[in-house]
Amino acid sequence: MKYIITIILSIAVVLSACLVTHEFDTACGLLAASVSASGNSNVPRTPADDFTYNVIKELSSAPYMGRLPGTLGNKMAVSFISERYKELGLKQPPGYNSYLQTFQQQLIVQNSATVLVTRRKTGEVTGEYNHLSDYIGLPLWPNTKIQGLIDAPLVSITDLKQLSPNNRELYGKVLLISSELVHSLPYDHLQADGIVNKLLSLGSRIKGSIINFDNRRDGYFHVSKSMKRLFRGSKKYNNKNGQVFLYCSDAAYPYLKEAAEREDNVYISVDFSLEECYSSNVIGVIEGTDRSNQDHIIIAAHLDHIGDNKDETYNPGALDNASGIAGLLEIARTLLNKTELPQKDIIFIATNGEEEYFAGSNYYVGHPILPLKNATMINLDMIGAKGAEYLEVCYPGNNSVELSKQIASDGLEIGINTRSSYILSSDHVTFSVCGVPAVMLKHLQPVQRHHTMQDSFEITMDINKLQEAIDLVVYYIEQTAY
Ligand SMILES: [Zn+2]
């Protein structure tokens, strides 16, 4: 998942994205219970710790390949969660098979890694750049070229005045856009939208742009394949005559600038495609003892992530969001181990397609198993981040402020450093837009590494912080559902 990404909501239009990368791990599969989490090796392990630890290690391991919808890894994650639900003894919603709620979604797939090379007119290579550490290919904007090759002169642009549709010097070229220019127009910390919109206005007379927008996290670009929602399904999405967009790092920019000054050509290969696939949410229930009014609490966490990078690295998504799934399963386990059942139903939803505009939660709110007017929703997304100071209880809109404050104050009551925050970018937004009081529990990372190949258990996770989020949800349920 993304960090505090500013997102614009219009009617039911919600945006999201979370992407990541990681080197293939040779050790995969469920780890032995004796293994302890890094950073906490002096903390005595308990069976509860090991349950969550094993879930995160499993879902972030190489066979799952970053759990991209439509891939075997995503299906394996769905099966893994479905099997855990069965073992725990969660009930299936009526008419369900293996706890699955299946739907169709769109997504951007990377078929091969983007390539960036500069060379002299004679063909001699002058610069070969590294995928994800020097640059990243961006399939994010409508009417851009997301598949194909470009071999064209590189020209350096440092003044906005150069970007005129009448400037014939740009025709047929790839533009190298300085960081000063990016920052002279509106942008957020993840996307250089202002400059991209300006470039798009030039049309397909220019071949593309390499934009010095360095949103790397600890050395690696934030991987994003979330197209603009408003253009989903548009035939104009992949325009073979459109422009190509790349971001380059601050370190790579001076070399590219030299290449432009030498009047080198730049060779770029991009290979993304817009695909459709079937995905499944995994839904299990603890039935309450008083079901007369259908009041229920939904505990949700997204199971999907952003897949691999086609360069022998993948995005493990340990914190984003194997952590949330581990939390969800542990909450279910804790409640089912109690001697008493809650009065209200507790519905557990492992959502899919969250990284593609909350596809799974959008499907669920159109096909809920109990009326949404009786629901309260708690979303777990990136819990247990190493080094986080607060557990954020995030509200996405006015209808959820009270719930957020309640849970944050519950946290303080049981000695957890919580605070109520306004943060969007996950499935709680979908529910809030439908009138459901909905919050997300999240730990903010001091150094953001989600949507990079570095989001592994060892680098991003703190099992004790994860347990805090679990304890808080269990406490809230004890206070309100028993
Ligand atoms: Zn996430």
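Data block above holds the structure.
Bear in mind that the values here come from a model prediction, so they are computed numbers and not experimental data. (Residues numbered from 1 in each chain as written. Predicted model: local features only at pLDDT ≥ 70, side-chain atom pairs only at ≥ 80, totals over all residues. Heavy atoms only, no water.)

A. Up close: the nonpolar core. Judged by nonpolar contacts, the single largest core of 59 residues is most densely connected at Tyr85, Ile299, Ile331, Phe348, Leu380, Leu441 and Ile477. Beyond its immediate chain neighbours, meaning those up to four positions away, isoleucine 299 contacts Leu328, Ile331, Ile346, Ile347, Phe348, Ile349, Ile378, Leu380, Val473 and Ile477. Of all hydrophobic cores here, the second largest spans 27 residues; its members include Leu140, Leu181, Leu202 and Met453. (Core = buried A, V, L, I, M, F, W, Y, C linked by side-chain atoms within 4.5 Å. Buried < 20%, exposed > 50% of the residue type's maximum accessible area, 1.4 Å probe, protein only. Contact = heavy atoms within 4.5 Å.)

B. Layout of the environment of serine 82. Mapped onto the secondary structure, serine 82 falls in helix H2 (residues 72–88). When the C-alpha atoms of serine 82 and isoleucine 283 are compared, they prove to be 8.3 Å apart, with 201 residues separating the residues in sequence. Among residues more than four places away in sequence, those in contact with serine 82 are Ser98, Tyr99 and Val282. (Helix = DSSP H or I, 4+ residues; strand = E, 2+ residues; numbered from the N terminus.)

C. Highlighting the side chain of serine 61. Position of serine 61 among the secondary structure elements: in the loop between helix H1 (47–59) and H2. Here the side chain of serine 61 touches glutamate 58 through a polar contact of 2.6 Å, landing on its backbone oxygen. (Polar contact = N/O pair within 3.5 Å; in protein donor to acceptor, adjacent residues only side chain to side chain.)

D. Quick look at the pairing of strand S11 (residues 265–286). Of all 22 residues making up S11, 17 are buried, and the element is well covered by its neighbours. Across 11 bridges, the pairing between strand S1 (residues 100–110) and S11 is antiparallel. Bridging from a neighbouring strand, glutamine 110 pairs with phenylalanine 272 of S11. Relative to S11, strand S2 (residues 115–119) is paired through five bridges, and the arrangement is antiparallel. If you follow threonine 118 over to S11, its bridge partner there is valine 266. Relative to S11, strand S5 (residues 147–157) is paired through seven bridges, and the arrangement is antiparallel. Bridging from a neighbouring strand, proline 153 pairs with asparagine 265 of S11. Across five bridges, the pairing between S11 and strand S13 (residues 345–351) is antiparallel. In the sheet register, valine 285 faces S13, and the bridge partner there is isoleucine 347. (Pairing = 2+ DSSP bridges.)

E. Structural context of the packing of aromatic side chains. Applying the stated criterion across every chain yields a total of eight aromatic pairs. A centroid spacing of 5.3 Å and a plane angle of 90 degrees characterise the contact between tyrosine 85 and tyrosine 99, whose relative ring orientation is edge-to-face. Residue tyrosine 85 is located in helix H2, and its partner tyrosine 99 is located in the loop between H2 and S1; the two are separated by 14 residues in the primary sequence. For the pair tyrosine 85 and tyrosine 99, one class covers both residues: buried. On the basis of an interplanar angle of 80 degrees and a centroid distance of 5.9 Å, the ring pair of tyrosine 187 and phenylalanine 213 is categorised as edge-to-face. Placement of tyrosine 187 in the loop between helix H3 (179–183) and helix H4 (193–200) and of phenylalanine 213 in the loop between strand S7 (208–211) and strand S8 (216–217) is noted, with a sequence separation of 26 residues between them. Residue placement shows arginine 84 over the ring face of phenylalanine 80; its charged tip is 4.5 Å from the ring centre. The ring centre of tyrosine 482 lies 5.8 Å from the NZ or CZ of lysine 338, which sits over that ring. (Phe/Tyr/Trp six-rings, centres within 6.5 Å; stacked < 30°, edge-to-face > 60°. Lys NZ or Arg CZ within 6 Å of the ring centre and 35° of its normal.)

F. Just the coordination of the zinc ion, in detail. Bound to the zinc ion on the protein side are His302 (NE2), Asp320 (OD), Asp381 (OD) and Asp381 (OD), at distances that span 2.0 to 2.7 Å. Every donor counted, the four donor atoms about the zinc ion form angles of 50 to 148 degrees at the centre, which fits irregular coordination. Read N to C, the donor residues that coordinate the zinc ion are spaced as H-x17-D-x60-D. Here histidine 302, found in strand S12 (residues 296–302), pairs with aspartate 320, found in helix H6 (residues 318–336); they are 18 residues apart in sequence, far enough to count as distant. Assigned by exposure class, histidine 302 and aspartate 320 land together as buried. (Donors = N, O, S within 2.8 Å, 3.2 Å for Na, K, Ca; no water. Tetrahedral: all angles 85-135°; square planar, octahedral: opposite > 155°, others 65-115°.)

G. Focus on the pattern of salt bridges. Within this structure, the stated rule accounts for 16 salt bridges. Across the pair arginine 84 and glutamate 87 runs a salt bridge whose closest N-O atoms are separated by 2.9 Å. Of the two residues, arginine 84 and glutamate 87 both sit in helix H2, three residues apart, roughly one turn of that helix. Between aspartate 218 and arginine 449 there is a salt bridge, and its shortest N-O distance comes to 2.9 Å. (Salt bridge = Lys/Arg side-chain N within 4 Å of Asp/Glu carboxyl O.)

H. Summary view of the side chain of glutamine 105. Within the fold, glutamine 105 resides in strand S1. Polar contacts involving the side chain of glutamine 105 include one to the side chain of serine 279, which spans 2.9 Å. In this structure the side chain of glutamine 105 is engaged in a polar contact, spanning 2.9 Å, whose partner is the side chain of glutamate 356.

I. Here's a closer look at the environment of lysine 442. With respect to the helices and strands, lysine 442 occurs in strand S17 (residues 438–443). On the basis of relative accessible area, lysine 442 is assigned to the buried category, the value being 1%. The spatial distance from the C-alpha of lysine 442 to the C-alpha of isoleucine 423 is 9.3 Å, given a sequence separation of 19 residues. In this structure the side chain of lysine 442 is engaged in a polar contact, spanning 3.5 Å, whose partner is the backbone oxygen of aspartate 381.

J. Looking closely at helix H5 (residues 253–261). Of the positions making up H5, those classed as buried are Tyr253, Leu256, Ala259 and Ala260. In a view along the axis of H5, the buried residues occupy a sector of 120 degrees, so they form one face of it. Away from its buried face, by an angle of more than 90 degrees, H5 presents the exposed residues Tyr255 and Glu261. Where H5 is buried, its residues touch S2, S5, strand S6 (174–177), S7 and strand S10 (244–248). One or two residues past the end of H5 sits glutamate 263, with phi positive at roughly 65 degrees. (Arc of directions from axis to C-beta.)

K. Local environment of the packing of helix H8 (residues 401–413) against helix H11 (residues 463–481). As a packed pair, H8 and H11 sit with axes 10 Å apart at the nearest point and diverge in direction by 110 degrees. Comparing their axes, H11 and H8 come out roughly perpendicular. The interaxial crossing formed by H8 with H11 has right-handed handedness. Contacts between H8 and H11 involve Leu403, Gln406, Ile407, Asp410, Gly411 and Glu413 from the first element and Leu472, Tyr475 and Tyr476 from the second. (Axes fitted to C-alpha atoms, helices over the stretch in contact; angles between N-to-C directions. Parallel < 35°, antiparallel > 145°, perpendicular 65-115°, else oblique. Left-handed = near helix turned anticlockwise from the far one by under 90°.)

L. Quick peek at unusual backbone geometry. Geometrically, the link from aspartate 320 to asparagine 321 is a cis peptide bond, its omega value of 0 degrees lying close to zero. The phi torsion at tyrosine 99 lies on the positive side, around 70 degrees, for a residue other than glycine. The exposure class of tyrosine 99 is buried, given its relative accessible area of 6%. Backbone geometry at phenylalanine 358 places phi at a positive 60 degrees, although glycine is not the residue there. Within the element layout of this structure, phenylalanine 358 appears in the loop between S13 and helix H7 (359–366). The class for phenylalanine 358 is buried, based on a relative accessible area of 0%.

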